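Listed here are the chains, written in short residue letters.
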Amino acid sequence: MGQPSILVVDDEFAVQQALKAWFSKSGYETHTADSGEAALSKLEEVPFDVVFLDIMMPGLNGIETLEEIKKRYPSTIVVMMTAYASIESAVEAMKLGAGDYLVKPLDPDLLDPLVARLLKYRELLQENVLLRDQISRMIRFENLVGKSDAMQAVYTMIRDVAGSDASVLITGETGTGKELVAKAIHAVSPRCEAPFIPINCGAFPEHLLESELFGHEKGAFTGAAFARKGRLELCSGGTLFLDEIGEITPRMQVDLLRVLEDKRFFRVGGERPIEVDFRVVAATNRDLQKAIQDGTFRADLYYRLNVVSIQVPPLRQRTDDIPLLAQHFLDRFSRETNKNIDSISREAMELLCSQPWQGNVRELQNAIERAVVVCKKRQVDVADLAFLQCSAAMPSADQALEQVIREHIQRVLKAQGGNISKAAQVLAIHRSTLHKKLKEYGLEPEGKN
Ligand SMILES: Nc1ncnc2c1ncn2[C@@H]1O[C@H](COP(=O)(O)OP(=O)(O)OP(=O)(O)O)[C@@H](O)[C@H]1O
Ligand SMILES: [Mg+2]
């Protein structure tokens, strides 16, 4: 960028000349205009960084010109000047987005610092917008929230595969967000204008899944009073999401493989082949490799589906996403329930971060929903998450009692942020007993281990 440029707009020739001389001396590229109309046509030719604008002018007055400039060029800074200052016009000008409001006669020594300050301010604003944009791109992708390296890797994969028609197999434990990943792939792909059609393969018995997927002709089976399109047909041009693909029966595996290879199929009871253009994204929380070894899943279908694989990591392997997700769900549920809960206390957040989350993001989401229901203040506290503490980490059947006690004390202490009195209260033992136990088990009272 070259010199910042200034446009001086005043119907008085003397003012134009004085300001032009001053700003030129200060090194600004300076132009003049003698009316609002003239200013607008100058701005149409070249952009200016700052406009000094007189208010009282024949024709378009300064306030009207300001409004027009801000409408057309929102990032142009406009400074109003007038010999007839009034509170009303000052308020009006500020509301319309004026950068400042100066009273004539102007003190020339104040002009340079003013311009410098306004330019700096605009630069910061623009930088702020850029940074916000960058941050929001780092911590979320479509409807997925998460800033961990693991999730960044997932976002990158989604972007990489979106452009192609390659089949994608999404794996991951229950509740990790596989469906959201599938939707994100569709949303950033060239197919985004066409439908995204999900079908839960685990939700139907074989014959129903078949007619759901392929549709059926009238009279194809008892109860088939009308012909009906299947989801494959509805999907035309879009993305078919085969959820819980690990659940389909051997016969359906064969049928599906054929469709994927031929891109054509028959409705149940139909004789006319139907051609479809679709992309397949499948998901499972099963170990399909193992299912292949066990002989319950066809290897050829697996390779068809798994051209690209995306593994969605369990929540416990990306604990740095927990605060972000928790706040995201808190905002949502507090909005939905019209409650004014805006934050989560430090202790409560620590408790959330230390949970095993077997049910992953879905379980965290449910926990926050429950907490919002019981929370009576503006902040979610450990008390609102009491249900977590009792259900947390069930001891396994082969653990020594001493070890269970040790772990339980550790957990409670951590949940109470290392506060011995509070932990003793939760454990329903005396402080001194807790101290003794801590020593016995070699635990840190800070709750750091
Ligand atoms: N990264 C995330 N950001 C925001 N919400 C998420 C995220 N991951 C999951 N969720 C939410 O958690 C819930 C479970 O996600 P989803 O249904 O995609 O999981 P899934 O892996 O398909 O689970 P399942 O194997 O049980 O079908 C949904 O309500 C979803 O909106
Ligand atoms: Mg799912």
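None of the values given here were measured: they were computed from a predicted structure.

**Points about the overall build of the protein**
Okay, step 1: A count of helical and extended segments in the protein gives 19 helices and 18 strands.
Okay, step 2: The C-alpha radius of gyration computed for the protein amounts to 33 Å, which surpasses the reference 22 Å derived for 449 residues by more than 25%, pointing to a less compact arrangement than a globule.
Okay, step 3: When burial is assessed residue by residue, the protein has 43% of its 449 residues classed as buried.
Okay, step 4: Counting only contacts in the protein whose residues sit at least 6 apart along the sequence, the fraction spanning at least 24 positions is 68%.
Okay, step 5: In the form shown here, the protein has an accessible surface area of approximately 23,900 Å², with 53% of it arising from carbon and sulfur atoms.
Okay, step 6: Of the charged side chains in the protein, 54 are positive and 63 negative, and the gap between their average positions amounts to 7 Å.

**Brief notes about the sheet that holds strand E4 (residues 77-82)**
Okay, step 1: Pairing is parallel across the open sheet formed by five strands, whose spatial order is E2-E1-E3-E4-E5. One side of each edge strand has no neighbouring strand; the edge strands of this open sheet are strand E2 (29-33) and strand E5 (100-103). Direction aside, the axes of adjacent strands within the sheet are offset by 20° on average.
Okay, step 2: Across four bridges, the pairing between E4 and E5 is parallel. Considered in E5, the bridge of Thr-82 is made with Val-103.

**Here we look at the environment of Lys-376**
Okay, step 1: Within the secondary structure, Lys-376 sits in the loop between helix H15 (360-374) and strand E18 (379-380).
Okay, step 2: The class of Lys-376 is exposed, set by a relative accessible area of 76%.
Okay, step 3: Separated by 275 residues in sequence, Lys-376 and Tyr-101 place their C-alpha atoms 47 Å apart.

**Comments concerning the domain arrangement of the protein**
Okay, step 1: Structurally, the protein comprises domain 1 (5-131), domain 2 (144-313), domain 3 (316-391) and domain 4 (401-441).
Okay, step 2: When each unit is reduced to the centre of its C-alpha atoms, the spacing between domain 1 and domain 2 is 60 Å.

**Notes on the packing of aromatic side chains**
Okay, step 1: For the coordinates displayed, the defined rule picks out six aromatic pairs.
Okay, step 2: Look at Phe-141 and Tyr-155: their rings are 5.3 Å apart centre to centre, the planes differ by 20°, and that puts the pair in the stacked class. Linking Phe-141 in strand E6 (residues 140-141) with Tyr-155 in helix H6 (residues 149-162), this pair joins segments that are 14 residues apart in sequence.
Okay, step 3: Given the relative accessible area of 1%, Tyr-155 is considered buried.
Okay, step 4: One aromatic cluster in this structure is built from Phe-23, Tyr-28 and Phe-52.
Okay, step 5: If you follow Lys-25 out to its NZ or CZ, it ends over the ring of Trp-22, 4.3 Å from the centre.
Okay, step 6: Directly above the aromatic system of Phe-278 lies the positively charged group of Lys-263, at a separation of 4.2 Å from the ring centroid.

**Examining helix H5 (residues 108-139)**
Okay, step 1: When the terminal C-alpha atoms of H5 are compared, their 47 Å separation across 32 residues agrees well with the 46 Å that a helix rising 1.5 Å per residue should span.
Okay, step 2: Listed as buried for H5 are Leu-111, Leu-114, Val-115, Leu-118, Leu-119 and Arg-122.
Okay, step 3: Along its buried surface, H5 packs onto strand E1 (5-9), helix H1 (13-25), strand E3 (50-54), E4 and E5.

**What to know about the site of ligand 1**
Okay, step 1: Near ligand 1, the surroundings consist of 17 residues, among which Val-145, Thr-174, Gly-175, Lys-178 and Arg-362 are the closest.
Okay, step 2: A distance of 3.3 Å is found between an oxygen atom of ligand 1 and a backbone nitrogen or oxygen belonging to Leu-180.
Okay, step 3: At 3.5 Å from an oxygen atom of ligand 1 is found a side-chain nitrogen or oxygen belonging to Asn-285.
Okay, step 4: Coverage of ligand 1 by the protein amounts to 87% of the 630 Å² it exposes when considered alone.
Okay, step 5: Because more than half of its atoms lie within 2 Å of the grid, ligand 1 is assigned to the largest pocket.
Okay, step 6: Looking at the shell around ligand 1, the elements that each hand over two or more residues are strand E7 (144-145), helix H7 (178-187), helix H13 (322-336) and H15.
Okay, step 7: Here the residues of the shell around ligand 1 sort into six nonpolar, seven polar and four charged.

**A word on the layout of surface pockets**
Okay, step 1: Here the largest pocket defines a volume of roughly 630 Å³.
Okay, step 2: If you trace the largest pocket, you find 28 residues lining it, with Gly-175, Gly-177, Lys-178, Leu-180 and Arg-362 closest to the centre.
Okay, step 3: Secondary structure elements with two or more residues in the lining of the largest pocket: E7, H7, strand E12 (239-243), strand E15 (279-284), H13 and H15.
Okay, step 4: Top contributing element to the lining of the largest pocket by residue count: H13, with five residues.
Okay, step 5: Taken together, the residues that form the lining of the largest pocket break down as nine nonpolar, nine polar and 10 charged.

**So, unusual backbone geometry**
For residues other than glycine, phi is negative in most cases, and the peptide bonds are mostly trans.
Okay, step 1: A cis amide bond links Lys-104 to the next residue, Pro-105, at an omega of 0°.
Okay, step 2: Checked against the element boundaries, Pro-105 lands in the loop between E5 and H5.
Okay, step 3: Even without glycine at this site, Glu-244 takes up a positive phi of about 55°.
Okay, step 4: By secondary structure assignment, the location of Glu-244 is in the loop between E12 and helix H10 (250-262).
Okay, step 5: By relative accessible area, which is 30% here, Glu-244 ends up partly exposed.
Okay, step 6: Positive phi, close to 50°, is recorded for Trp-357, a residue that is not glycine.
Okay, step 7: Relative to the assigned elements, Trp-357 resides in the loop between helix H14 (346-353) and H15.

**Structural notes on the side chain of Asp-243**
Okay, step 1: Locating Asp-243 in the fold gives a position in strand E12.
Okay, step 2: For the buried Asp-243, no salt bridge is present, and the opposite-charge side chain at shortest range is Lys-178, 6.3 Å distant.
Okay, step 3: Setting aside anything within four residues of it in sequence, one finds Asp-243 in contact with Glu-179, Ile-199, Asn-200, Cys-201, Gly-202 and Ala-283.

**Considerations on a negative patch on the surface**
Okay, step 1: On the surface, Glu-37, Glu-64, Glu-67 and Glu-92 cluster together into a patch of negative charge.
Okay, step 2: Here Glu-67 shows up in helix H3 (residues 62-72).
Okay, step 3: Residue Glu-67 is classed as partly exposed on the basis of its relative accessible area of 42%.

Here is what the cut-offs are and how they apply
Residues numbered from 1 in each chain as written. Chains lettered and ligands numbered in written order. Predicted model: local features only at pLDDT ≥ 70, side-chain atom pairs only at ≥ 80, totals over all residues. Heavy atoms only, no water. Helix = DSSP H or I, 4+ residues; strand = E, 2+ residues; numbered from the N terminus. Rg over C-alpha atoms; globule rule 2.2 N^0.38 Å. Buried < 20%, exposed > 50% of the residue type's maximum accessible area, 1.4 Å probe, protein only. Contact = heavy atoms within 4.5 Å. Areas by Shrake-Rupley, 256 points an atom, 1.4 Å probe, with all protein chains shown as cover. Lys, Arg positive; Asp, Glu negative; His and termini not counted. Charge placed at Lys NZ, Arg CZ, Asp CG, Glu CD. Pairing = 2+ DSSP bridges. Axes fitted to C-alpha atoms, helices over the stretch in contact; angles between N-to-C directions. Domains from an automatic or database assignment. Phe/Tyr/Trp six-rings, centres within 6.5 Å; stacked < 30°, edge-to-face > 60°. Lys NZ or Arg CZ within 6 Å of the ring centre and 35° of its normal. Expected span 1.5 Å × (residues − 1). Near = heavy atom within 4 Å. Polar contact = N/O pair within 3.5 Å; in protein donor to acceptor, adjacent residues only side chain to side chain. 1 Å grid on protein atoms, 1.4 Å probe; cavity = no way out; pocket = protein on both sides within 12 Å on 5 of 7 lines; lining within 4 Å. Sits in = over half its atoms within 2 Å of the grid points. Nonpolar A, V, L, I, M, F, W, Y, C, P; charged D, E, K, R; others polar. Points joined across faces, edges and corners; volume = space filled by probe spheres on them. Salt bridge = Lys/Arg side-chain N within 4 Å of Asp/Glu carboxyl O. Patch = residues over 30% accessible without salt bridge, like charges linked within 9 Å, V, L, I, M, F, W, Y side chains within 5 Å.

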